[in-house]
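Below, each chain spelled out in residue letters.
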Amino acid sequence: MDQNKILVSACLLGERVRYDGKIVLHDNGVLKKLQKEGRVISICPEVEGGLSVPRDPAEIVGDKVITTNKKDVTKEFYKGALVALELVKKYGIKVAILKSNSPSCSCKFVYDGTFSKKLIKGKGVCAKLLQENGVKVFDERDDLGVALAYL
Ligand code: SF4
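Residues numbered from 1 in each chain as written. Predicted model: local features only at pLDDT ≥ 70, side-chain atom pairs only at ≥ 80, totals over all residues. Heavy atoms only, no water.

*Asks:* Talk me through the overall build of the protein chain; I want residue IDs and the actual numbers.
*Replies:* On a plain count of helices and strands, the protein chain comes out with 5 helices and 8 strands. Ordered by position from N to C terminus, the α and β elements of the protein chain give β-α-β-α-β-β-α-β-β-β-α-β-α. Against the 2.2 N^0.38 benchmark of 15 Å for 151 residues, the protein chain shows a C-alpha radius of gyration of 15 Å, consistent with a compact globule. Looking at the protein chain as a whole, 47% of its 151 residues are labelled buried. Long-range pairs, those at least 24 residues apart, make up 63% of the contacts in the protein chain with a sequence separation of at least 6. As displayed, the protein chain offers around 8300 Å² of accessible surface, 53% of which is attributable to carbon and sulfur atoms. (Helix = DSSP H or I, 4+ residues; strand = E, 2+ residues; numbered from the N terminus. Rg over C-alpha atoms; globule rule 2.2 N^0.38 Å. Buried < 20%, exposed > 50% of the residue type's maximum accessible area, 1.4 Å probe, protein only. Contact = heavy atoms within 4.5 Å. Areas by Shrake-Rupley, 256 points an atom, 1.4 Å probe, with all protein chains shown as cover.)

Spelled out as structure tokens, the structure:
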């Protein structure tokens, strides 16, 4: 029988998808092991939404997502979140490990919309949509043992 799959932010797996084109420095041994076992579905919602690498950083401002150059990328962020939701439905995914502090992926904190590096409580567009659809969302700083227990 197939083992349950888990949705993971692509940048946490070492993929060069971040806005700045850099690799996330994070001990991803557990995630890589799951990936080798074929249990990981990787996604970068912002890239899936049609944004490039590199791209201007963006923050959530009210009900929109705006870049440092004042471009409204709300549509792209929601498009990427919907792709993630489609994957969740396709694979029957119950758990996601998504990158902290991202306007797409964070499940706890986001920057406050002033581009002054100030974090506030809040959720990224993708993490929020997945949670609203019953997915348990964790970030890379959480105890992955706890997260994997929900699989
Ligand atoms: Fe990583 Fe998510 Fe940002 Fe893509 S959108 S770079 S997966 S944090």
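*Asks:* Run through the nonpolar core, naming residues and quoting values.
*Replies:* Grouped together as the largest cluster of nonpolar side chains are 28 residues, with contacts concentrated most on Leu7, Val65, Phe77, Ala96, Leu98, Leu130 and Val137. Those elements that place two or more of their residues in this core are β2 (40-43), β3 (58-61), α3 (74-91), β5 (95-98) and α4 (125-132). Ranked by residue count, the leading element in this core is α3, at 7 residues. Leave out the neighbours within four places in its chain, and Ala96 touches Ile6, Leu7, Leu130, Val135, Lys136, Val137 and Phe138. Counting residues in hydrophobic clusters, the runner-up holds 17 residues, among them Ile6, Val17, Cys44 and Leu144. (Core = buried A, V, L, I, M, F, W, Y, C linked by side-chain atoms within 4.5 Å.)

*Asks:* Describe unusual backbone geometry, listing the residues and the values that go with them.
*Replies:* For the bond running from Val53 to Pro54, omega is -5 degrees, close enough to zero to count as cis. When you line up the elements, Pro54 lands in the loop between α2 (45-48) and β3. One non-glycine residue, Lys70, lies in the positive phi region at around 65 degrees. Positionally, Lys70 belongs in the loop between β4 (64-67) and α3. A positive phi is found at Lys117, a non-glycine position, where the angle reads about 60 degrees. By the element assignment, Lys117 lies in the loop between β6 (109-111) and β7 (119-121). Classification of Lys117 by relative accessible area gives exposed; the value is 74%.

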